[in-house]
Amino acid sequence: MHALIQAIILGILTGGVYALMASGQTLIFGIMKVVNLAQGALVVLGAYLTYTLFTQLGIDPFLSVLITTPLLFLVGVAVQWALLRPLHSDDVGQLSLLVTFAVALGVEGVLSFAYGTTLTNIQPSYANTSWTILGYQVSLVRFVAFVLSLVMLGLLYLILQRTKFGRSVRATVQNPMSAQLLGVNAQRVSAIGFGLGTATAAAAGSVFGMLNSFNPGSHYDLISRLLTIVVLGGLGSIGGSVIAALVMGVASSVVSALASPIWSDFSFFIVLLLVLLLRPRGLFGARTRGAL
Amino acid sequence: MRAGITRVGLLRAGVFFALLIAIPLVGAPGWILNTLIFTIMYAGLASSWNLVGGYAGYPSLGHVAFFGIGAYAIGILFSKDVHGGYVPFLVLPLIGLAVGLLAVPIGWVSMRTRADVFAIVTITILFIAQTLAFNLKSVTGGAQGSSVAPPPFGVDTFDWPFYFAMVILLAIAMGISFYFRNSKIGLSLATVRADEDKAHGVGVRVTAVKLISFGVSAGLVAMAGGIWAYYVGFIYPQFAVDPLITIGMVLMTFLGGRATLWGPVLGAFILIPAQEYFAQAFGASQLYLVAYAAVFLVIMLFLPRGILPTITQRLRSRRAGLAADAASTVQAPAAGTTARNERITR
């Protein structure tokens, strides 16, 4: 019982970080109908940026979020502007999937060239600090990571709900055609929206780098989990992806505690297939293109 | 485009395969044969992928899972002894059949979704296969890999059996591709690609043709995986279930032209030599990934329809003059793509 509750606590804390990555990905899908296969690679890029800032300049990994987030925002805007915008508009679905995969490969290649392929991780002085609350272990890094993710998600929520830009984003998600007719600049919304989506990868990356060992190839593990989460949550639904991330975080953590860590990823995929069998639109999916 | 067997078509296929058969016989050096084996393998893989991704318009990103299953099947059956060397080739059709049947329920689940979601679901199939390959250690040997017993072929002609096996497989894949184009199955798949709901509405047996194309495609890919495993001798999970193999099939089909007979083959014969060149030029360094990604992006941005459809359209509009220019965009195979895209963007 103790092990189970410990696993659930761990799962919620990890799930929060995945929620942040997945919310960016699902936001991008909502706005542009693009499945961003590069999200995992951008998280790894964020982790390496944090690693460099920490080892070279001694900047605290949590604080470096202030630097990496705007950087990855710019990367996202550049990718959208240079690679996705020129795509022939009548086949965006399949082509964008491949283009973002190419971006992922490119990022992986550049990172392997710059850092090599050995596993690294970010080890600040407080990496091993943990508290014991009612007999349950909560590590400092995981807790702060969870809080940081919540703060970023809150910021994203405020941007979407309280600003003029957010309003045009939501309009575009609901009905791109009407939004354009009402004077929403679709290209601008897409570029900034893509940037926001990739910016979430920055914060998630810093945290990911502290919680896991990583190398440039780690993005395959990440993207498989992220895709499962966004499909479960219903593509395009941010709330859905947050809940799905927490559910999957807990599920995989429980599986790895009770069975073996090897099968924790596997549980992701099995849950996904079961859900698709019973409810092809995902748990909370609004009717999106592509799903039945 | 659905013209049946024409003299030009027969001639083209005859010359192509005669050339392929002649190359080892005239004594081509080993490195050429080696590159060609992989090129022909990818031509076969891309042609098989095209059955699902091109004709049916379902962009599967998980096909390498079946490649891996085929590879491990050969690895498990022939880890100790290859019974004279040719038995594994004779067992291949059975492996193809078994994997094809196995793929039907997988296709049934995943083809309940469409477009992007289908792509994502098939990616998870890839990762499931990878996880299993790494962790079912008693079957696959895990990360240590497993091996196939070395075949007793002579040094000079060692590559020949594998080479001809790949050529035969490519011929089968292209034959099936040709049959699909000229039969009711192909026609049904074209309606699925154009508008699945309407096709279903007018009585096309949508699920049946989708599953046939998925099963056949998976079976062919598994056979290629089997030959590959026998040829390279060692099977490691990261190479047998490599996402780059899936991406290779997709990219080659896109480059040559989706839903065409020769497009995937053309794509493979351009990309694999290019890839070999990059690997040579940049050595083991990962810059090769960057170069590959760059080629990838250039194709997607400048040739989104693929080489063959673009050329056919150019030729046609030149022949028909400017007046018919607009009309030519409504002809196959571009017709398939355009019609399907309407569904996607809707």
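All figures in this text were calculated on a predicted structure; none of them were measured in a lab.

### Examining the interface of chain B and chain A
Contacts between the two partners involve 38 residues from chain B and, on the opposite side, 41 residues from chain A. With twelve residues, helix H5 (residues 115-135) of chain B is the single largest residue contributor to the side of chain B that touches chain A. A per-class count over the side of chain B that touches chain A returns 25 nonpolar, ten polar and three charged.

### Section: the nonpolar core
Counting 188 residues, the largest nonpolar core has A:Leu98, B:Met166, B:Ala224 and B:Ile227 as the members making the most contacts within it. Looking at this core element by element, the count peaks at 15 residues for helix H9 (residues 206-232) of chain B. Among residues more than four places away in sequence, those in contact with A:Leu98 are B:Val250, B:Phe254, B:Phe296 and B:Met300.

### With respect to the packing of helix H2 (residues 30-55) of chain B against helix H7 (residues 160-181) of chain B
Residue and element names in this part refer to chain B. Taken N-terminus to C-terminus, the directions of H2 and H7 make an angle of 20°; their axes are 9 Å apart at the nearest point. Relative to H7, the element H2 is oriented roughly parallel. Pair H2 / H7 crosses with left-handed handedness. Two secondary-structure elements touch here, H2 through Leu33, Leu36, Ile37, Ile40, Met41, Ala43, Gly44, Ser47, Ser48, Asn50, Leu51 and Tyr55 and H7 through Phe162, Tyr163, Met166, Val167, Leu169, Leu170, Ala173, Met174, Ile176, Ser177 and Phe180. Grouping the constituent residues of the contact of H2 with H7 by class yields 18 nonpolar, five polar and no charged.

### Structural notes on the pairing of strand S2 (residues 136-139) of chain A
Residues and elements named next belong to chain A. In this sheet, S2 lies alongside strand S1 (residues 130-133) in antiparallel orientation, the contact comprising four bridges. Its bridge partner being in S2, threonine 132 is matched across the sheet by glutamine 137. In textbook terms, the turn of a hairpin is the stretch between consecutive antiparallel strands, and for S1 and S2 this stretch comprises two residues, one of which, leucine 134, has a positive phi near 55°.

### Details of helix H10 (residues 238-258) of chain A
Residue and element names in this part refer to chain A. Here H10 contains 21 residues, and its C-alpha end-to-end distance of 30 Å stays within 8% of the 30 Å for a straight helix at 1.5 Å per residue. Buried within H10 we find Ile238, Gly240, Ser241, Val242, Ala244, Ala245, Met248, Gly249, Ser252, Ser253, Val254 and Val255. Those residues of H10 that are buried lie in contact with helix H1 (2-32), helix H5 (140-162), helix H9 (219-233) and helix H11 (264-278).

### Digging into the confidence of the model for chain B
Interpretation of the predicted coordinates at a detailed level should be avoided for regions scoring low in pLDDT. Residues and elements named next belong to chain B. The predicted model of chain B has a mean per-residue pLDDT of 83, with 91% of residues at 70 or higher. Below a pLDDT of 50 lies the segment residues 330-346, which in the model reaches 30 contacts outside its immediate sequence neighbourhood of four places, other chains included. With pTM at 0.83, the complex prediction returns an ipTM value of 0.77.

### Observations concerning unusual backbone geometry
All names here are of chain B. In this structure, alanine 259 is a non-glycine residue whose phi angle is positive, near 60°. Within the secondary structure, alanine 259 is located in the loop between helix H11 (243-256) and helix H12 (263-282). Given 32 C-beta atoms within 10 Å, alanine 259 falls into the buried group.

What counts, and where the lines are drawn
Every chain's residues receive numbers from 1 upward, in the order its sequence appears when written. The lettering of chains begins at A and the numbering of ligands begins at 1, in the order of writing. Totals for whole chains, interfaces and linings use every residue, but because this is a predicted model, local features are given only for residues with pLDDT of at least 70 and side-chain atom pairs only at 80 or more, for both listing and counting. The contact rule is simple: place each C-beta atom from the backbone, and if two of them lie within 7 Å, those residues are in contact. Put simply, DSSP marks the helices as runs of H or I at least four residues long and the strands as runs of E at least two long, and each gets a number from the N terminus on. Only Asp, Glu, Lys and Arg are considered charged, only Ala, Val, Leu, Ile, Met, Phe, Trp, Tyr, Cys and Pro nonpolar, and every remaining residue, Gly among them, polar. Joined through C-beta atoms within 7 Å, a set of buried Ala, Val, Leu, Ile, Met, Phe, Trp, Tyr and Cys residues constitutes a nonpolar core. Field definition: a residue is buried when 20 or more other C-beta atoms are found within 10 Å of its C-beta, exposed when 12 or fewer are, and partly exposed for counts in between, with C-beta atoms placed from the backbone. Inter-axis angles, ranging from 0 to 180 degrees, are taken between N-to-C directions of lines fitted to C-alpha atoms, where helices are fitted over the stretch in contact. Roughly parallel covers angles under 35 degrees, roughly antiparallel covers those over 145, roughly perpendicular covers 65 to 115, and oblique covers all other angles. Left-handed is the label given to a crossing in which the near helix is rotated counterclockwise from the far helix by less than a right angle, and right-handed is the label when the rotation is clockwise. Two strands qualify as a pair provided that DSSP identifies no fewer than 2 bridges between them. What a helix is expected to span follows from its residue count: subtract one and scale by 1.5 Å. On a range of 0 to 100, pLDDT expresses the predictor's confidence in each residue.

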